[in-house]
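What follows is each chain in one-letter form.
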Amino acid sequence: MRIIVSVLVLALLAAYGRTERPAQPTPSRPLVGPSVRETAQCLADLREIGVAYRVLPDKETGPGCGLVGTAQLVEIGVPVNNLTAVRCGEARAFVGWIRNAVAPAAYQILGSELARVDSMGSYACRNTVGTAGPARRSGHAIANAIDVGGFVLKDGRRISVLTDYRSVDPQVAAFWRAIHTSACKRFGTVLSPDYNAAHQNHLHLEDDSANFCR
Ligand SMILES: [Zn+2]
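Residues numbered from 1 in each chain as written. Predicted model: local features only at pLDDT ≥ 70, side-chain atom pairs only at ≥ 80, totals over all residues. Heavy atoms only, no water.

Averaged over the chain, the pLDDT score is 90; the fraction of residues at 70 or greater is 86%. Counting contacts from residues 3–22, a segment whose pLDDT is below 50, to residues more than four positions away or on other chains yields one contact. (pLDDT = per-residue confidence, 0-100. Contact = heavy atoms within 4.5 Å.)

Next up, the structure:
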């Protein structure tokens with residue numbers, strides 16, 4: 001019996017180790033990003049819609065990791081915490097989503113203005129988590145994804161992915177439906193708690209062309 005338990009524990013540890021292992025270098029490919037022209041156009045778009053930002057220098061930070069065409073958002077109209085470098089196209093999609101989907105949905109469906117967005121980060125040199133198959137760099141490795149953990153409303157309510165994504169409150173459920181649907185139109189990849197256990201506490205929003213919405 002003791003042997004069986006030990007074997008089980010070892011198997012569990014091995015399985016755990018597979019998903020939680022720190023980022024391994026992936027087969028090296030040169031860091032590609034948007035062209036200088038695309039980034040310039042995107043930054044002009046951000047300026048035009050009144051977003052304040054600081055352009056960050058391009059740099060490779062590790063195998064398959066780095067910043068190309070990124071900015072630090074300073075002011076988008078509503079406070080967002082925990083954001084560092086964000087690739088411009090991702091920033092543009094994110095600002096559009098917050099302003100035109102999340103803020104109106106908060107006001108119209110939940111009855112209170114959006115006061116703050118609780119992000120769980122943008123740039124991180126790491127692999128994807130919770131997905132089967134060979135290790136692969138996350139969109140966060142090139143600052144092309146933002147994780148959102150929840151929102152704070154002006155009336156003080158906090159709506160979080162972890163505790164409220166499967167809320168039985170019809171208004172809260174309608175709020176998530178509205179902003180998830182909008183996110184899937186604006187981002188190439190949207191991952192929610194409906195995707196896998198690694199996304200129980202946040203929405204992953206990535207500006208790629210995968211057309212993957214969960
Ligand atoms: Zn993510």
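Attention shifts here to the coordination of the zinc ion. For the zinc ion, the full set of protein donor atoms is His140 (NE2), Asp147 (OD) and His204 (ND1), and the range of their distances to it is 2.0 Å. Each donor residue of the zinc ion belongs to the same chain, and together they define the spacing H-x6-D-x56-H. You'll find His140 and Asp147 in the same group, each marked buried. (Donors = N, O, S within 2.8 Å, 3.2 Å for Na, K, Ca; no water. Buried < 20%, exposed > 50% of the residue type's maximum accessible area, 1.4 Å probe, protein only.)

Of note in the backbone geometry, Ala143 takes a positive phi value of approximately 60° without being a glycine. Along the chain, Ala143 turns up in the loop between strand S7 (114–119) and strand S8 (145–153). Unlike most non-glycine residues, Asn211 shows phi in positive territory, near 55°. Residue Asn211 is classed as exposed on the basis of its relative accessible area of 69%. (Helix = DSSP H or I, 4+ residues; strand = E, 2+ residues; numbered from the N terminus.)

A few words now on the pairing of S8. Burial of S8 is extensive: nine of the nine residues sit out of reach of the surface. In the sheet, S7 pairs with S8 via five bridges, with the strands oriented antiparallel. The residue bridging Asp118 from the neighbouring strand is Gly150, located in S8. Note that S8 and strand S11 (residues 203–206) share four bridges and pair antiparallel. By the bridge assignment, Ala145 is partnered in S11 with Glu206. Here S8 runs beside strand S9 (residues 158–160); their pairing, made up of three bridges, is antiparallel. Counterpart to Val152 in the pairing with S9 is Arg158. Linking two consecutive strands that pair antiparallel, namely S8 and S9, is a turn of four residues; a positive phi of about 100° is found at Gly156 within it. (Pairing = 2+ DSSP bridges.)

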